[in-house]
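Fold and geometry: a report
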Amino acid sequence: MPDAAQQTALTREAALAGVGELITDPDVLASYRHDQAAPGLLTAGTPAALARPTTTAEVQAAVIAAGRAGVPVVPRGAGSGLSGGANAIDGCLVVSLERLTRIADLDPDALTATVEAGVVNHALRDAAAAEGLRYAPDPASFEFSTIGGNVATNAGGLCCVKYGVTRDALLALEVVTAQGEVLQLGHATRKGVTGYDLTALVCGSEGTLAIVTQATVRLLPTPPAAHTLAASFSRLDQAGDAIAAIVRRHRPAMLELMDRTTIAAVEALAPMDLDLEAEAMVFARSDAGRVEGAEEIAAMARLCEQAGANLVLTTDEEAEGRMLMAARRLAYSALERQGTTLLDDVCVPIPTVPALLRGVEEIARRAELTIGTFGHAGDGNMHPTVVYDHTDPDQLARAREAFDAILELALELGGTVTGEHGVGLLKREAAARELGASLHLHRAVKQAFDPDDLLNPDKVPWHVAAAAAAATPTSR
């Protein structure tokens, strides 16, 4: 619970500083305590207050007020994160960027847009589309996640295999530092190597280095209508061979996979005659053009057949393409219908995707839980999803053990514990193990940006690493 003296000091400083709307109503604060990470697994504190600024100057004032009151700051976008990155700390100031919703500039000639942090990804996509352009990063949460949140986690999406993730579209940032300084990072130009790439450094830092208030991003011409492929495979290794062959020869606009557990869940939710005997389904899209796209999707179909696919469907009709992709887009919803879901986002080298899926099946068997895997096969970013009953302590414990086992498996396969969702609270221990000897450099970067450890301080992996080291007896 927040300390009364800290809360008084914070509200006094905030009133003097001009932070805009400051809320201390307990009922309102309760709705800003956590993001969408799986229930029962993570802590969420009670903030002392909530600031909902509408300008960068008010964000700056809020950070200064928190610093003077000696309370931590937890930045927040739409609260749609899946790793606890926006979970509050007892006595903190939550700074919500949800009201910074202005599209400051959209220049169709420069192919850029400058938007405030609270602009929803979908709104930017619509604004770009009105000019015949496209904002490429497309996280599954694009209809409600914000650009600021996308930057904080370096969000990806289904089309990242060809168009990249948020960092690839990012040119410049406006940020507020822990000292309350407003800085402009990066360049509005397509090229720019003056100084260190601080824009890329802040992207994916989950609000631990600075608070993003505005972003300048690249736009692209709208691609031609896509051609679509769906293929089913009786064995995972066949699907893996097809994926490897496709990415060696082509740049699909989308290359997705789901395993047999997910296939069964989707078929149970929305019957569409999916092959329930298949161990995997692969989905691909090509937007290379009317003729080129048809040739590319036909070439991908041949590669699937050569790898052993027992069924391959293709279409150049957009409506039919959406129907083929419907199964993949329903993957998470179908698993969610079966219980509480703990969604992972490990990323492994593409040739090891089948080994990851086999390993996840074994983890599910040991844990006696349903774990369905789907994801972005074209870049090895998979989403094993643990299904459990969060009201059952035994299932909760087994779900956490299974989740941690998946993280370890990803590391053993040469991968990473998070491809696009971030570390947050959920993966601090695993992140510390992955970073290993480089942890001191990460700590030094944090110290340079935030010497008083003010911004989202409990979301950094060296805190748990230090605690683990302190708990381990040293030999003499």
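The preceding data block contains the structure.
A brief look at the structure comes next. Model, not experiment: these values are computed from the prediction.

The next thing to look at is the overall build of the chain. A tally of helices and strands in the chain yields 18 helices and 18 strands. Taking 23 Å as the expected radius of gyration for a compact globule of 476 residues, we find that the chain reaches 23 Å, a close match to that expectation. With respect to the three principal axes, the spread of C-alpha positions in the chain is 70 × 60 × 45 Å. Among the 476 residues that make up the chain, the fraction classed as buried is 54%.

In space, the 4 strands of this open sheet follow the order 1-2-4-3, with mixed pairing throughout. Edge positions in the sheet fall to strand 1 (21-23) and strand 3 (73-76), since each has one partner strand and no second. On average, adjacent strands in this sheet sit at an angle of 20 degrees to one another, irrespective of strand direction.

Next up on the list: the packing of helix 9 (residues 236-249) against helix 14 (residues 353-367). The geometry of helix 9 relative to helix 14 is characterised by a closest axis approach of 8 Å and an angle of 150 degrees between their N-to-C directions. Accordingly, the angle class assigned to the pair helix 9 and helix 14 is roughly antiparallel. In the crossing of helix 9 with helix 14, the sense of the turn from one axis to the other is right-handed. Where helix 9 approaches helix 14, its residues Leu236, Asp237 and Gly240 are matched on the opposing element by Pro354, Leu357 and Arg358.

A few words now on unusual backbone geometry. Of note, the phi angle at Glu206 is positive, near 55 degrees, even though the residue is not glycine. Turning to its location among the elements, Glu206 is positioned in the loop between helix 8 (198-202) and strand 10 (211-218). Phi angles above zero are rare outside glycine, and Asn456 is one such case at about 45 degrees. According to the relative accessible area criterion, Asn456 is buried, its value standing at 0%.

Three or more residues of helix 10 (residues 260-269) are buried, namely Thr262, Ile263, Ala265, Val266 and Glu267. Next to the buried residues of helix 10 lie strand 13 (254-259), strand 14 (280-286), helix 12 (318-329), helix 13 (331-336) and strand 17 (370-376).

Core analysis: the largest hydrophobic core is formed by 50 residues, its most contacted members being Phe233, Leu257 and Tyr388. Listing elements by their share of this core, those giving two or more residues are strand 12 (227-233), helix 9, strand 13, strand 14, helix 11 (290-307), helix 14, strand 18 (381-388) and helix 15 (393-412). Apart from the residues lying within four places of it in its own chain, the contact partners of Leu257 are Ala239, Ile243, Ala280, Met281, Val282, Arg328, Leu357, Thr373, Phe374, Gly375, Ala377 and Met382. Formed by 25 residues, the second largest nonpolar core is a distinct cluster that contains Ala9, Val19, Val59 and Ile211.

Another aspect to go through is the pairing of strand 10. Burial analysis of strand 10 places 7 of its 8 residues in the buried class, the great majority of the element. In this structure, strand 6 (residues 112-116) lies alongside strand 10, joined through 5 bridges in antiparallel fashion. Residue pairing for strand 10: Val115 is matched across the bridge by Ala215. Sheet topology note: the strand 8 (residues 170-176)/strand 10 ladder contains 6 bridges and is antiparallel.

How each quantity is defined
Residues numbered from 1 in each chain as written. Predicted model: local features only at pLDDT ≥ 70, side-chain atom pairs only at ≥ 80, totals over all residues. Heavy atoms only, no water. Helix = DSSP H or I, 4+ residues; strand = E, 2+ residues; numbered from the N terminus. Rg over C-alpha atoms; globule rule 2.2 N^0.38 Å. Buried < 20%, exposed > 50% of the residue type's maximum accessible area, 1.4 Å probe, protein only. Pairing = 2+ DSSP bridges. Axes fitted to C-alpha atoms, helices over the stretch in contact; angles between N-to-C directions. Parallel < 35°, antiparallel > 145°, perpendicular 65-115°, else oblique. Left-handed = near helix turned anticlockwise from the far one by under 90°. Contact = heavy atoms within 4.5 Å. Core = buried A, V, L, I, M, F, W, Y, C linked by side-chain atoms within 4.5 Å.

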